[in-house]
Structure formats: C-alpha cells, structure tokens
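Each chain, written out:
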Amino acid sequence: QVQVVESGGGLVQPGESLRLSCVASGNIGGINAMGWYRQAPGKQRELVATIASSGRPNYADSVKGRFTISRDSAKNTLYLQMNSLRPEDTAVYYCNADISPIVTLWGRGTQVTVSS
C-alpha cells in the first residue's frame, strides 16, 4: 500500500517550535517534489512550503524566516522545522509527494495548535 503519513503535531505556546515529519512508503520509485500544506478551520488549504527533488525550497511569505523544509530522499522522508510559532499557524498540516507526473499522494494530516 502506497501512503504518506505525517507526524509531530501537537499543542505549543506562541514562540515555541515543532518539527513535523512525513514518510512516504510502499511501492514508490523516485519522488519528485514534496510539500507541506495547511488548512485552518473555515479556510481553504494553503501552501506552506515545497521542496524539489534537487532540494530547492519554496516558502509561503507568511512562514519565510521561521519555517524550514528539508528532505531525506534516501528515506522518502520530509521534514518541516517550525520556529517562532504564532496562533495563526494553528491548522491541520498535510504532506504531499509527487510520485509521478500525474500522481500526488496526500497524507491525512497532523494537527498543530499554537495557544497560550
């Protein structure tokens, strides 16, 4: 079974940090781009950060300078280091992986809550 599973979410206070992980498993060949998206209650899903197979990252303006995306291609694993978290970062965070030019896998998400 081919799947993507996120982990690492939780409840933190403003200013604290979290590190999300995402593992793609199953009969997967090479993975092209991978990315993190998030969806807050009542809002549309939005891009947080993506990373190409070359390692080139791309960030939403709202997280630049605070979040860092990285990947371990040998382990089909994606990471998101989130620092200086804010209440507006509260959302369900989803990972995706482009396993072919026409197939993108999505995980079920991990909840991140930033609250004092």
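Within each chain, residues carry numbers counting from 1 in the order of the written sequence. In keeping with the model being predicted, local features are shown solely for residues with a pLDDT of at least 70 and side-chain atom pairs are shown and tallied solely at 80 or more, while totals for entire chains, interfaces and linings include all residues. Just so you know, side-chain values use all the structure's heavy atoms and leave hydrogens and water out.

Participant: How should the sheet that holds strand β1 (residues 3–7) be read in this particular structure?
Facilitator: Within a sheet, each strand pairs with its neighbour through backbone hydrogen bonds, oriented either parallel or antiparallel. Within the open sheet, the 4 strands sit side by side as β1-β3-β8-β7. Their pairing is antiparallel. This sheet does not close on itself; its edge strands, each paired only once, are β1 and β7 (67–72). Pairs of neighbouring strands in the sheet enclose a mean axial angle of 15°, with direction left out of account. Here β7 pairs with strand β8 (residues 77–82) via 6 bridges, running antiparallel. Its bridge partner being in β8, Thr68 is matched across the sheet by Gln81. The pairing criterion for strands is at least two bridges between them, as found by DSSP. Helix and strand definitions follow DSSP, with helices as H or I runs of at least four residues and strands as E runs of at least two, each counted in order from the N terminus. To get an axis, fit a line to the C-alpha atoms, keeping to the stretch in contact for a helix; angles then go from 0 to 180 degrees between the N-to-C directions.

Participant: So what exactly am I meant to see when it comes to the state of the cysteines here?
Facilitator: Note: disulfide means a covalent bond formed between the sulfur atoms of two cysteine side chains. The disulfide criterion is simple: two cysteine sulfur atoms within 2.5 Å. Throughout the structure, instances matching the rule amount to 1 disulfide. Between the sulfur atoms of Cys22 and its disulfide mate Cys95 the distance is 2.0 Å. Taking the sign of the torsion about the S-S bond as the criterion, the disulfide between Cys22 and Cys95, at about -65°, is left-handed. Highlighted residues: Cys22 in strand β3 (residues 18–25) and Cys95 in strand β9 (residues 91–100), separated in sequence by 73 residues. Burial here depends on accessible area, computed with a 1.4 Å probe over protein chains only, as a share of the maximum for the residue type. Under 20% is buried, over 50% is exposed, and the range in between is partly exposed. Note on Cys22: relative accessible area 0%, which makes it buried.

Participant: What should I look at first to understand the packing of aromatic side chains in this one?
Facilitator: By convention here, two paired aromatic rings are described through the distance between centres and the angle between planes. Two rings from Phe, Tyr or Trp (for Trp, the six-membered ring) form a pair when their centres sit within 6.5 Å of each other. Planes less than 30 degrees apart are called stacked, planes more than 60 degrees apart edge-to-face, and all others tilted. Taken as a whole and assessed by the stated rule, the structure comprises 1 aromatic pair. Any Lys NZ or Arg CZ found within 6 Å of a ring centre and within 35 degrees of that ring's normal is scored as a charge over the ring. Cation over ring: Arg45 sits above Tyr94, and NZ or CZ is 3.7 Å from the ring centre. Directly above the ring of Trp106 sits Arg45, whose terminal nitrogen or CZ lies 4.8 Å from the centroid.

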